[in-house]
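Survey of secondary and tertiary structure
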Amino acid sequence: MNDDPSFVPVVIVGAGPTGITAATKLAQYGVDCLVLDRWQDVYPQPRAVHLDDEIYRLLAGLGIADEFAAISRPAHGLQLRDRNMRVMAQFHRECAESINGYPQANMFDQPELEALLRANLKQYPHAVLRVDAEVTEAVPIGIDKVQVTFTDRVSGEEHRVETRYLLGCDGANSLVRAAIDARMEDLQFQQRWLVVDVATAAELNQWEGVHQVCDPHRAATYMRIGDTRYRWEFRLLPDETADDFSTMAALYPLIRPWVEGVALDELELGRVAEYTFRAQVANRWHRGNMFVLGDAAHLTPPFIGQGLCAGLRDAMNLGWKLAGVVNGWLPESVLDTYEQERMPHARYMIRFALAVGTAMTAGGEVGNFLRRVVLPRLHRIPGVREKIVDSTTPALHSSALAHKSRGRRELAGKLCPNPVLVDGKRLDNVVGARFAVITSAPLDPPQRDEMTRRGAVVVAAHPGTELALWLAVGRAMAAVVRPDRTVLCAGRDLAEVCCTVPIFAPPADTGA
Ligand SMILES: Cc1cc2nc3c(=O)[nH]c(=O)nc-3n(C[C@H](O)[C@H](O)[C@H](O)COP(=O)(O)OP(=O)(O)OC[C@H]3O[C@@H](n4cnc5c(N)ncnc54)[C@H](O)[C@@H]3O)c2cc1C
């Protein structure tokens, strides 16, 4: 694609993690897309530090598993502590490979991840990233096009480009969200927090997971994010600002419980920022051919480290569907499933984050009761324990691409596991960017031919393997798995299950 086209099938506003992930997915399927961002470089301030195994798996699909391993650090999970640092509850995460094939909790630095995502995008000629490009307007032209106007921030020149699909990955103050007339529904949470990154070669000898200090006066979060790098977050008091903590000496009283014994001059203050944590969901995620993704569609308070994760899930969910539509493999109606599937999932995760935030910060008798009575027993309550200990997120809601009907054990809407198969390869590496039929019963030759014609990979779930067990637990003989690894449908009737596989035929060398 040339650098200054007048028409591009997909234009993406915003080159944050969500926008670059969407662009990479589309480019993997050979879809031309233009990404516009107002800034030259990635946003340097401290933000996300945690992502889960589902998202690690998604990064692997973008082709950067090894690169991410080099900049991240598996963590042990989450501890809820009282104001005296006593552990009230602990939720362990597995550092070894999870069902998705990666550690369940991973610490990293968002600007480093974003740099990695941008570097990776360069290998896909179908995607062009144009920086210093401030998008000022997005207006529909007729029913099937959008005109995007942007200003080159260096030359001051105004440009126009037409597109078939516009993806607003333009963050919390999204222009695209306004263009589709969506408004943010406020889930009634707003708090000012101080966020600081500190470097030190000294060993702090702390438990290697996230510490959440539950204290209505001064709630706090601590975590190690690299060999010598640490993140603290503190709720600010009404009369405080980040400027009050711009030196190590001023910050020291807050971080003392973790750095006792380490001299002040051994600690190097990195980035210091103030953020207002919010919980919001847009009431509409698309209008016609304009969509919002990531922080443009939802804001998650970072207590469970899931905001960026949600944006990447959006990009993955919409990316392969949009590629299918642009390439003529899928009907345009499948794009409706993006909001149907993703909105309830994002809302659930925000409510979960709010629950943790409430336990950390709520004052009064309710807060005290939560901390003294409920939290210490939380990990003993069956059901709740699994939810918190397991990094698995909820199944997607029913849609034309997630045929749900049967109850709690059903597989549709859930992610399939990513085990190492008998040939020594991981499932994801065998399936790539295509649909898969995972089956514990052999397909007859005509069925096999038909699956090949439709572009799907057939994977045998041999007796005694993880895939066979997974199908058995879901009371299924076979499952159809989408390119984003969500189960489209599962059941006991092989022919019926195979019928649901759409024609979806990316070339074998998509790199996905
Ligand atoms: C303190 C803190 C801690 C966090 N911790 C975690 C965590 O541990 N785990 C986690 O998963 N999430 C976490 N998050 C959330 C995470 O940082 C965000 O969810 C994530 O950055 C959202 O990515 P995005 O690409 O959707 O939006 P953004 O990162 O905001 O990117 C939007 C992009 O759009 C561009 N843009 C906007 N408007 C225009 C325009 N008009 N023209 C051109 N370009 C435009 C911007 O320049 C920007 O590059 C945290 C957030 C904070 C603040």
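Okay, so let's go over this structure. (Residues numbered from 1 in each chain as written. Predicted model: local features only at pLDDT ≥ 70, side-chain atom pairs only at ≥ 80, totals over all residues. Heavy atoms only, no water.)

Looking at the overall build of the protein chain
Each helix and strand in the protein chain was counted, giving 14 helices and 23 strands. Relative to the 2.2 N^0.38 estimate, which gives 24 Å for 512 residues, the radius of gyration of the protein chain is 23 Å and therefore close to what a compact globule would have. In terms of overall dimensions, the protein chain has C-alpha extents of about 70 × 60 × 40 Å along its principal axes. Residue burial in the protein chain is summarised as follows: out of 512 residues, 56% are buried. Within the protein chain, contacts between residues at least 6 apart in sequence are counted, and of these 70% link residues at least 24 apart. (Helix = DSSP H or I, 4+ residues; strand = E, 2+ residues; numbered from the N terminus. Rg over C-alpha atoms; globule rule 2.2 N^0.38 Å. Buried < 20%, exposed > 50% of the residue type's maximum accessible area, 1.4 Å probe, protein only. Contact = heavy atoms within 4.5 Å.)

Points about the pattern of salt bridges
Evaluation of the coordinates by the stated rule reveals 34 salt bridges. Notably, a salt bridge pairs Glu240 with Arg218, separated by 2.7 Å at the nearest N-O pair. Taken together, the residues Glu240 in the loop between strand E15 (229–235) and helix H6 (248–259) and Arg218 in the loop between strand E13 (210–213) and strand E14 (220–224) connect sequence positions 22 residues apart. The residues Glu240 and Arg218 share a single accessibility class, namely buried. Linking Arg482 and Asp484 is a salt bridge whose minimum nitrogen-to-oxygen distance equals 2.8 Å. Given a relative accessible area of 0%, Arg482 falls into the buried group. Residue classification places Asp484 among the buried residues on the basis of a relative accessible area of 8%. Each of the salt bridges in this network shares a partner with another, and the network as a whole consists of Asp109, Glu112, Asp197, Arg229, Arg231, Glu233 and Arg271. (Salt bridge = Lys/Arg side-chain N within 4 Å of Asp/Glu carboxyl O.)

Examining the site of the ligand
Taken together, the neighbourhood of the ligand is formed by 31 residues, with Thr18, Asp37, Arg47, Gln110 and Asp295 sitting nearest. Here Arg38 contributes a backbone N or O atom positioned 3.1 Å from a nitrogen atom of the ligand. Residue Val135 places a main-chain N or O atom 3.0 Å away from a nitrogen atom belonging to the ligand. Expressed as a share of its isolated accessible area of 1,000 Å², the protein-covered part of the ligand is 91%. Mapped by element, the contributors of at least two residues to the shell around the ligand are helix H1 (17–28), strand E9 (133–141), strand E16 (268–282) and helix H7 (307–326). A class-by-class count of the residues in the shell around the ligand yields 15 nonpolar, 10 polar and six charged. (Near = heavy atom within 4 Å. Polar contact = N/O pair within 3.5 Å; in protein donor to acceptor, adjacent residues only side chain to side chain. Areas by Shrake-Rupley, 256 points an atom, 1.4 Å probe, with all protein chains shown as cover. Nonpolar A, V, L, I, M, F, W, Y, C, P; charged D, E, K, R; others polar.)

As for helix H13 (residues 466–473)
A turn of α-helix holds 3.6 residues, and therefore any two residues three or four places apart point the same way. All of the buried residues in H13 are Leu467, Ala468, Trp470 and Leu471. Down the axis of H13, the buried set is contained in an arc of 160°. They therefore lie on one face. Summarising the contacts, the buried residues of H13 are in contact with helix H11 (427–431), strand E20 (436–439), strand E21 (457–460), strand E22 (478–481) and strand E23 (487–491). The first or second residue beyond H13 is Arg475, which carries a positive phi of 55°. (Arc of directions from axis to C-beta.)

Remarks on the sheet that holds strand E19 (residues 298–299)
What the eight strands build is an open sheet, ordered E6-E5-E13-E14-E15-E12-E16-E19; its pairing is mixed. One side of each edge strand has no neighbouring strand; the edge strands of this open sheet are strand E6 (87–92) and E19. Of the strand pairs in this sheet, strand E5 (residues 77–81) and E13 are connected by four bridges, and their pairing is parallel. Bridge assignment links Leu78 to a residue of E13, and that residue is Val210. (Pairing = 2+ DSSP bridges.)

Comments concerning the side chain of Thr24
Checked against the element boundaries, Thr24 lands in helix H1. Given a relative accessible area of 0%, Thr24 falls into the buried group. Here the side chain of Thr24 touches Ile20 through a polar contact of 2.6 Å, landing on its backbone oxygen. For Thr24, the residues in contact, after removing those within four places along its chain, are Leu62, Asn120, Leu121 and Tyr124.

What about the packing of aromatic side chains?
Inspection of the entire model under this criterion finds 21 aromatic pairs. Measuring from centroid to centroid gives 6.3 Å for Phe234 and Trp258, while their planes differ by 65°, and the two rings are edge-to-face. In this pair, Phe234 sits in strand E15 while Trp258 sits in helix H6, placing the two residues 24 residues apart along the sequence. Look at Phe277 and Phe303: their rings are 5.9 Å apart centre to centre, the planes differ by 80°, and that puts the pair in the edge-to-face class. With Phe277 in strand E16 and Phe303 in the loop between E19 and H7, this residue pair connects regions lying 26 residues apart in the sequence. In terms of burial, Phe277 and Phe303 fall into one category: buried. (Phe/Tyr/Trp six-rings, centres within 6.5 Å; stacked < 30°, edge-to-face > 60°.)

As for the sheet that holds E20
An order of E21-E20-E22-E23 is seen for the four strands of this open sheet, with the pairing classed as mixed. Only two strands of the sheet have a single neighbouring strand rather than two, namely E21 and E23. Going from strand to strand, the sheet's axes swing by 15° on average, the running direction of each strand aside. (Axes fitted to C-alpha atoms, helices over the stretch in contact; angles between N-to-C directions.)

Some thoughts on unusual backbone geometry
Its identity as a non-glycine residue notwithstanding, Asp132 has a phi of 55°, on the positive side. The residue Asp181 is not glycine, and still its phi comes out positive at about 65°. One can find Asp181 in the loop between helix H5 (175–179) and strand E12 (184–199). With relative accessibility at 55%, the residue Asp181 sits in the exposed group.

Regarding the environment of Ala127
With respect to the helices and strands, the residue Ala127 is situated in strand E8 (residues 127–130). Spatially, the C-alpha atoms of Ala127 and Ala402 are 29 Å apart, while their sequence positions differ by 275 residues.

Considerations on empty space enclosed by the protein
The tally for this structure, following the rule as stated, stands at one cavity of 30 Å³ or more. In this structure, the largest cavity is lined by Arg73, Pro74, Ala75, Met107, Glu208, Gly209, Val210, Met223 and Arg224. Residue composition of the lining of the largest cavity, by class: five nonpolar, one polar and three charged. (1 Å grid on protein atoms, 1.4 Å probe; cavity = no way out; pocket = protein on both sides within 12 Å on 5 of 7 lines; lining within 4 Å. Points joined across faces, edges and corners; volume = space filled by probe spheres on them.)

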